[in-house]
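Below are the chains, spelled out letter by letter.
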Amino acid sequence: MTSSPSLTDTQPLPPPAAEAESELSSLVYDMSHHVQMAMENMLKMITEIDQSSSGIVEEIEKCKDSALERKKSLEGEKERFQKAAYTVLDMLNNRN
């Protein structure tokens, strides 16, 4: 005759309440530690991003200033060329 397995043979016994609570506390502690580490890493990355973005904004402002100066310079050259062209046209018109 074969004996059927008893309930204790097939299913593990649940841990005592104090042991389960200890395991749960340990798991919560580990998770909170991992979350804290992740938040610290994110804070470092945010700080680096802020520093980088500040440098980028400064470069953009420098480029903008440089572009405005170049625009003024080109507008001045354009005016000089237009005056020269009008002068040449007036000279050619007065020739006849």
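In case you missed it, the structure is sitting above this.
These remarks concern the structure in this document. Bear in mind that the values here come from a model prediction, so they are computed numbers and not experimental data. Counting restarts for each chain, with residues numbered from 1 along the sequence as it is written. Only residues with pLDDT of at least 70 are given local features in this predicted model, and only at 80 or more are side-chain atom pairs given and counted; all residues enter the totals for whole chains, interfaces and linings. The basis for every side-chain value is the complete set of heavy atoms in the structure, and neither hydrogens nor water enter the calculation.

1. What about the overall build of the chain?
So, step 1. A run of H or I in DSSP counts as a helix once it spans at least four residues, and a run of E counts as a strand once it spans at least two, with each numbered from the N terminus. Along its length, the chain carries 2 helices and 0 strands.
So, step 2. The classification of residues rests on relative accessible area computed with a 1.4 Å probe and restricted to protein chains. Under 20% of the type maximum is buried, over 50% is exposed, and intermediate values are partly exposed. When the 96 residues of the chain are sorted by exposure, 0% land in the buried category.
So, step 3. Counting only carbon and sulfur atoms, one obtains 61% of the accessible surface of the chain, whose full area is about 9300 Å². To be clear on the numbers: accessible area is Shrake-Rupley with a 1.4 Å probe, and residue cover counts the displayed protein chains and nothing else.

2. A few points about the pattern of salt bridges
So, step 1. Here, a salt bridge means any Lys or Arg side-chain nitrogen found within 4 Å of an Asp or Glu carboxyl oxygen. Counted according to the given criterion, the structure contains 2 salt bridges.
So, step 2. With a shortest N-O distance of 3.7 Å, Glu61 and Lys64 are connected by a salt bridge. Of this pair, Glu61 and Lys64 both sit in helix α2 (residues 17-95), 3 residues apart, which is roughly one turn of the helix.

3. Re a nonpolar patch on the surface
So, step 1. On the surface, a cluster of nonpolar side chains totalling about 400 Å² of accessible area is made up of Leu24, Leu27, Val28 and Met31.
So, step 2. Locating Leu24 in the fold gives a position in helix α2. Residues forming no salt bridge and having over 30% relative accessible area are the ones grouped into patches, like charges within 9 Å of each other and nonpolar side chains (Val, Leu, Ile, Met, Phe, Trp, Tyr) within 5 Å.

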